[in-house]
Amino acid sequence: MSDEIKMVDIFIMGKRYTVPETLTIMDGMEYAGYQLKRGCGCRAGFCGACATVYRMAGDYELKVALACQTKVEDGMYLAQIPFFPGRKATFDLEKIKASTAHMAQLYPEVFRCLGCSSCTKVCPQDIDVMQYIAYIQRGDFEKAADLSFDCVMCGLCVSRCPANIVHYNAALTARRMYSRYIAKPDAFLAERTKAIEEGSCDAEIDVLINSDQAKLQEMYNNREIE
Amino acid sequence: MAYTGKLGELVKKVEESRTSRVGVHYPRMSQEERQDVLENFHPDYNKNGFRNVKVGVNKGARMPVEMADVFESWSRLRDVNLDLNAAPDYDVDVLIIGGGGAGASAALEAHAAGSEVMIATKLRFGDANTMMAQGGIQAADKENDTPAIHYLDVVGGGRFENVPELARALVMDAPLVIKWLEDLGTMFDKKDDGTMITIHGGGTSRKRMHAARDYTGAEIMRTLRDEVLNKQITVVEFCPAVEILLDKKGQAAGAVLFNLETEQYLIARAKTVIIATGGSGRLHYRGFPTSNHYGATADGLIIGYRAGAKTIYADSIQYHPTGGAYPPQLLGLLVTEKTRGLGATPLNIKGEQFVYHLETRDVESSAIIRECDERELGVPLPTGITAVWLDSPIIELIHGEGTIERQLPAMMRQFQRFGVDIRKEPMLIYPTLHYQNGGLLIDEKGMTAVEKLYVAGEAAGGIHGTNRLMGNSLLDIIVFGRRAGRHAAAVSKDSPVPEGLNLEHVNVYHRELEETGAADERVGPMLLPHYTHR
């Protein structure tokens with residue numbers, strides 16, 4: 001089968017390796033002989049561990065990708081950014097509100113956005129990062145939460161920001177503010193937790209705990225399904 | 001675009017039958033049919049894949065050969081001289097090994113109870129299967145549902161082999177966990193009035209699957225991680241534990257850590273230890289691809305086992321029915337069960353449904369394997385493997401246009417990256433190695449047979465019997481993470497600083513390995529998978 005697979009040349013931190021063209025960048029690095037420690041996480045596009053910067057031979061433009069979510073291409077010069085020292089402000093969620101004043105205390109740099117859109121251009125999740133920063137500035141945390149939701153916190157936006165904004169941390173704070181203080185709590189959930197804590201749900205479950213397997217099986221097979 | 005040539009022709013059959021399938025209820029299997037398909041097609045029933053482990057407290061226990069290989073291995077410290085009782089590098093009340101959802105939950109609870117807490121983790125904090133869990137988290141928090149109804153689903157799905165006290169703890173704590181997460185500012189899918197939006201999952205009798213789009217685990221993980229960092233709890237990354245330390249009384253007293261980057265060993269002394277290292281999909285049982293995180297190499301199982309913790313259902317592995325099969329870059333990748341929850345159905349080469357789309361995972365997987373192997377009605381792929389369709393576009397016929405983009409953004413993005421628009425084209429799927437149903441046996445506080453040694457999350461066993469339902473894993477990690485954290489904190493309060501730290505249990509284990517000749521040259525834990533070009 002290997003006869004049919006086309007090989008391509010990639011340059012990992014400048015060094016050339018020849019790998020099958022069907023591989024992702026991450027698989028390509030492993031094929032080349034790297035046993036990854038940093039720069040590799042979930043391998044499915046959720047964790048942001050494998051932010052990668054690359055340039056195609058002969059081109060000047062720097063591009064970005066998640067290594068596990070992007071196929072190798074012939075002439076790809078690449079390096080990973082396994083860690084980015086972005087700042088995270090610590091806060092007590094119970095002592096803040098969903099307000100621009102609190103956001104400004106935690107992340108004042110958000111309000112110094114230059115509007116260059118470098119963050120949006122660089123986002124491997126295609127999130128309009130600059131727009132959610134604008135929503136945060138305006139105090140529209142609902143829109144900021146919604147727009148930033150798919151962020152995997154890879155840090156590429158921060159790496160390009162001339163105003164040193166740590167977008168992903170500001171967005172996470174905005175989402176927590178929104179979820180805690182703007183979205184309404186589930187009313188019945190509060191009732192149910194109270195009932196459990198008071199022991200009102202014990203009797204019904206203890207009947208099951210004390211049933212033998214045959215009885216349980218019968219109940220299971222005949223249970224009503226919503 | 002990804003489906004060219006023959007696949008392009010076959011897609012048409014799926015499209016042709018689509019409208020006629022909307023609203024048609026495919027029958028569920030009877031108990032007998034379920035048992036039959038499991039026995040004949042589930043990999044757990046394939047005798048060649050298992051052997052009995054020769055050493056340790058559960059000597060003779062059946063487990064996958066790849067897991068037995070890890071269990072029958074020499075310690076990484078075999079030829080290493082360490083002064084275990086010199087001033088330790090870290091000295092805490094509660095040492096948590098693993099930085100996923102269970103570890104983070106345990107850390108928050110132990111910290112809240114006043115303990116000095118430390119998380120040591122192999123990769124980055126949050127690099128864990130938790131981050132990848134997409135579909136949801138179960139909890140009986142609707143008026144038509146109760147923890148007891150949830151319990152019946154859990155034990156029925158688990159083939160009635162669950163440890164009752166653990167299953168009880170799981171379902172009773174579930175609404176408390178959702179409330180806890182809601183208060184922490186986790187962004188669940190909600191209606192405008194705050195009501196959680198919940199749907200069915202495989203094997204549920206009520207709509208109790210809470211979600212945060214299809215980034216549910218990621219949303220929970222980043223919230224918990226943020227909170228741990230807010231509390232300024234010590235987190236040491238790229239430092240896996242390679243052995244549990246016991247004290248002179250034989251109680252857990254810390255761990256030996258290994259700095260992956262400087263390759264130095266470090267001593268962490270602790271009054272209590274919580275193993276929260278997750279699963280073992282990266283052992284690739286039976287050569288299956290896996291949906292698991294890079295770090296899922298059973299590290300906690302082997303170090304806990306050497307220290308004396310017992311295993312339960314180590315031979316029970318969950319294959320998720322819908323792993324990506326094509327394009328090849330998606331091989332093994334999890335296609336969330338929420339896709340089926342929203343109405344997508346598996347179809348064979350003829351475009352016909354062959355199994356109810358929400359059977360429990362074990363049954364659904366077995367039915368797909370049967371369709372490909374025995375009935376030869378799978379779709380042959382250019383890569384040489386066989387798969388079945390998962391008809392995602394039908395979701396938009398059932399729930400309206402835009403549903404996929406709104407409800408399955410991660411899925412849509414992942415397939416789009418490799419040329420498949422799942423709103424318009426069906427997916428190609430095959431079961432993928434997903435979850436270790438068993439693990440180290442705990443009690444309802446999270447403690448193992450070893451005093452002061454706890455396990456939480458996928459590394460723990462007994463909760464789910466021999467088959468876990470969707471949405472009960474995100475739940476389990478937080479329920480038992482919190483329980484272990486709280487109990488460890490309480491125990492630590494009454495415990496003196498441990499004395500006489502030792503690795504005598506490892507020496508005993510080594511003697512058994514020598515006597516049985518079981519270990520060969522293998523060293524464990526594995527820590528990192530080997531994927532370099534073979």
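Residues numbered from 1 in each chain as written. Chains lettered and ligands numbered in written order. Predicted model: local features only at pLDDT ≥ 70, side-chain atom pairs only at ≥ 80, totals over all residues.

**Considering the domain arrangement of chain B**
Residue and element names in this part refer to chain B. Spelled out, the test is: Each domain's extent is set by a domain assignment, obtained either automatically or from a database. Think of it this way: build a C-beta for each residue from its backbone, and any pair within 7 Å is a contact. Starting at the N terminus, helices and strands are each numbered in turn, a helix being any DSSP run of H or I of at least four residues and a strand any DSSP run of E of at least two.
Under the domain assignment, chain B is made up of domain 1 (5-41 + 318-433) and domain 2 (80-139 + 211-316 + 437-507). Centre-to-centre, using C-alpha coordinates, domain 1 lies 34 Å away from domain 2. Contact with domain 1, which involves 22 residues of that partner, is made by 21 residues of domain 2. Within the residue set of the side of domain 1 that touches domain 2, elements represented by two or more residues are β14 (317-326), α10 (338-341), α11 (361-373), α14 (409-417) and β18 (427-436).

**Describing the interface of chain B and chain A**
Formally: Under the convention adopted here, Pro, Cys and the residues Ala, Val, Leu, Ile, Met, Phe, Trp and Tyr are nonpolar, Asp, Glu, Lys and Arg are charged, and Gly plus all remaining residues are polar.
Listed as interface residues are 67 residues of chain B and, on the opposing side, 62 residues of chain A. If you tally residues by element for the side of chain B that touches chain A, the top one is helix α7 (residues 164-183) of chain B, at 8 residues. For the side of chain B that touches chain A, the residue count by class is 30 nonpolar, 20 polar and 17 charged.

**Concerning the pairing of β18(B)**
Residue and element names in this part refer to chain B. Defined as follows: Each residue is classified by how many other C-beta atoms fall within 10 Å of its C-beta atom, where C-beta atoms are placed from the backbone; a count of 20 or more means buried, 12 or fewer means exposed, and values in between mean partly exposed. Each pair of strands is called paired provided DSSP finds at least two bridges between the two strands.
Burial within β18 is extensive, with 10 of its 10 residues counted as buried. Pairing analysis gives 7 bridges linking β14 to β18, with the strands arranged antiparallel. Across the sheet, Gln-318 pairs through a bridge with Tyr-435, a residue of β18. The sheet contact formed by strand β17 (residues 386-391) and β18 spans 3 bridges and is antiparallel. Bridge pairing links Trp-389 to Leu-428 in β18.

**Points about the sheet that holds strand β21 (residues 460-461) of chain B**
Strands belonging to one sheet form pairs held by backbone hydrogen bonds; the direction of such a pair is parallel or antiparallel. Residues and elements named next belong to chain B. Across the sheet, 3 strands lie side by side as β13-β19-β21; this open sheet has mixed pairing. In this open sheet, the two strands that pair with only one neighbour each are β13 (311-312) and β21. Across 2 bridges, the pairing between strand β19 (residues 439-441) and β21 is parallel. From the neighbouring strand, Leu-441 faces β21, where its bridge partner is Gly-461.

**Considerations on unusual backbone geometry**
Residues and elements named next belong to chain B. Omega for the bond connecting Tyr-326 with Pro-327 falls within 30 degrees of zero, at -5°, which places this linkage in the cis form. Take Pro-327: it is sitting in the loop between β14 and α10. Look at the link from Gly-524 to Pro-525: it is a cis peptide, with omega at 0°. Its identity as a non-glycine residue notwithstanding, Glu-376 has a phi of 55°, on the positive side. Structurally, Glu-376 is set in the loop between α11 and β16 (379-380). For Glu-376, a count of 11 C-beta atoms within 10 Å corresponds to the exposed category. Its identity as a non-glycine residue notwithstanding, Lys-452 has a phi of 70°, on the positive side. Note on placement: Lys-452 falls in the loop between β19 and β20 (453-455).

**Focus: helix α8 (residues 187-197) of chain A**
What sets the pattern is the α-helix's 3.6 residues per turn: residues three or four places apart point alike. So the rule is basically this: Working definition: the arc comes from the directions between the helix axis and the C-beta atoms, pointing outward to the latter.
The complete set of buried residues in α8(A) reads A:Leu189, A:Arg192, A:Thr193 and A:Ile196. Down the axis of α8(A), the smallest arc covering the buried residues is 100°, so these residues share one side. In α8(A), the exposed residues that point more than 90 degrees away from the buried face are A:Ala187 and A:Lys194. Contacts from the buried residues of α8(A) go to α6 (147-157) and α7 of chain B. Just beyond α8(A), the residue with positive phi is A:Gly199, at close to 85°.

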